[in-house]
Amino acid sequence: MTPAIALVDDDRNILTSVSIALQAEGFIVRVYSDGESALKALVDNPPDLAVLDIKMPRLDGMELLRRLREKSALPVIFLTSKDDELDEALGLAMGADDYISKPFSQRLLIARIRAILRRAELRDAPEGATDEPQAETVMRGRLEMDPARYQVKWEGRDVTLTVTEFMILEALAQRPGVVKTRDQLMDTAYQDDVYVDDRTIDSHIKRLRRKFRQLDPAFKAIETLYGVGYRFAEG
């Protein structure tokens with residue numbers, strides 16, 4: 001079945017250009033120019049994934065997500081302005097699956113959409129229902145990562161990560177003790193034609209640590225080598 005994607009943004013240029021790009025990739029696209037008109041449609045006729053702008057008239061993306069989460073576990077990607085780190089953190093805490101900062105690459109958005117749809121499909125599928133070969137589980141000390149399902153456990157307890165956070169953590173955990181520079185982590189998490197600065201990677205690392213420390217206040221597995229980058233300590 002062809003996946004349906006809902007775009008909710010008050011910027012007509014974004015609605016038009018992203019719709020064309022998604023349709024070219026084979027998706028069904030539904031567009032809404034404000035949160036209020038989108039809410040009923042997302043609940044009554046849910047798509048497979050929604051892309052929500054945060055700053056919109058009538059009902060902003062944050063409130064739209066809050067109301068949506070009362071009734072649905074629909075996968076959501078937030079579109080944020082470059083400097084809206086607080087909004088990003090709040091959105092993720094409220095249940096967004098990932099976020100992309102404007103201006104953004106359409107290739108990046110499409111890659112994130114496909115990854116999140118795949119994660120949702122595998123999460124909801126019965127064990128053994130897929131014939132596809134499964135990537136090996138990554139075990140690093142108290143960390144367990146399932147790349148096929150984008151699932152992470154620390155000491156046997158689930159840690160909910162965005163796709164971007166998962167990819168950064170996986171890059172670090174694949175080679176414990178080896179330092180990854182910010183540029184290397186950018187290449188892991190973003191497409192080649194997307195510019196992100198050091199602060200973006202640092203923000204992801206900060207959120208990763210925060211999520212693990214909510215389960216384990218003594219979590220220190222992601223180490224900073226100042227002026228160089230980050231590494232995963234397996235012990």
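Report follows, based on the coordinates. None of these values were measured; they are calculated from a predicted model. (Residues numbered from 1 in each chain as written. Predicted model: local features only at pLDDT ≥ 70, side-chain atom pairs only at ≥ 80, totals over all residues. Heavy atoms only, no water.)

1. Regarding the overall build of the protein
Helices and strands together make up the secondary structure of the protein, namely 8 helices and 12 strands. A total of 235 residues make up the protein; the buried ones form 47% of that total. Within the protein, counting contacts between residues at least 6 apart in sequence, those at least 24 apart form 59% of the total. On the protein, roughly 11800 Å² of surface is accessible, and the fraction owed to carbon and sulfur atoms is 49%. (Helix = DSSP H or I, 4+ residues; strand = E, 2+ residues; numbered from the N terminus. Buried < 20%, exposed > 50% of the residue type's maximum accessible area, 1.4 Å probe, protein only. Contact = heavy atoms within 4.5 Å. Areas by Shrake-Rupley, 256 points an atom, 1.4 Å probe, with all protein chains shown as cover.)

2. What about the sheet that holds strand β9 (residues 157–159)?
What the 4 strands build is an open sheet, ordered β6-β7-β8-β9; its pairing is antiparallel. Of all strands in the sheet, those bounded by a partner on one side alone are β6 (138–140) and β9. Strand-to-strand twist of the sheet, defined as the mean angle between neighbouring strand axes without regard to direction, takes the value 25 degrees. The pairing of strand β7 (residues 143–146) with strand β8 (residues 151–154) spans 4 bridges and is antiparallel. Within the sheet, the bridge partner assigned to Asp146 lies in β8 and is Gln151. Across the sheet, helix α6 (residues 163–173) is in contact with β6, β7 and β8; its angle to β7 comes to roughly 120 degrees. (Pairing = 2+ DSSP bridges. Axes fitted to C-alpha atoms, helices over the stretch in contact; angles between N-to-C directions.)

3. Focus on the pairing of strand β2 (residues 28–32)
Bridge count for strand β1 (residues 4–8) against β2 is 5 bridges, and the pairing is parallel. Each bridged residue has a counterpart across the sheet, and for Leu7 the counterpart in β2 is Val31. Between β1 and its parallel partner β2, the chain crosses via helix α1 (residues 12–24), and the hand of that crossover is right-handed. (Right-handed = clockwise from strand over helix to strand, strands pointing away.)

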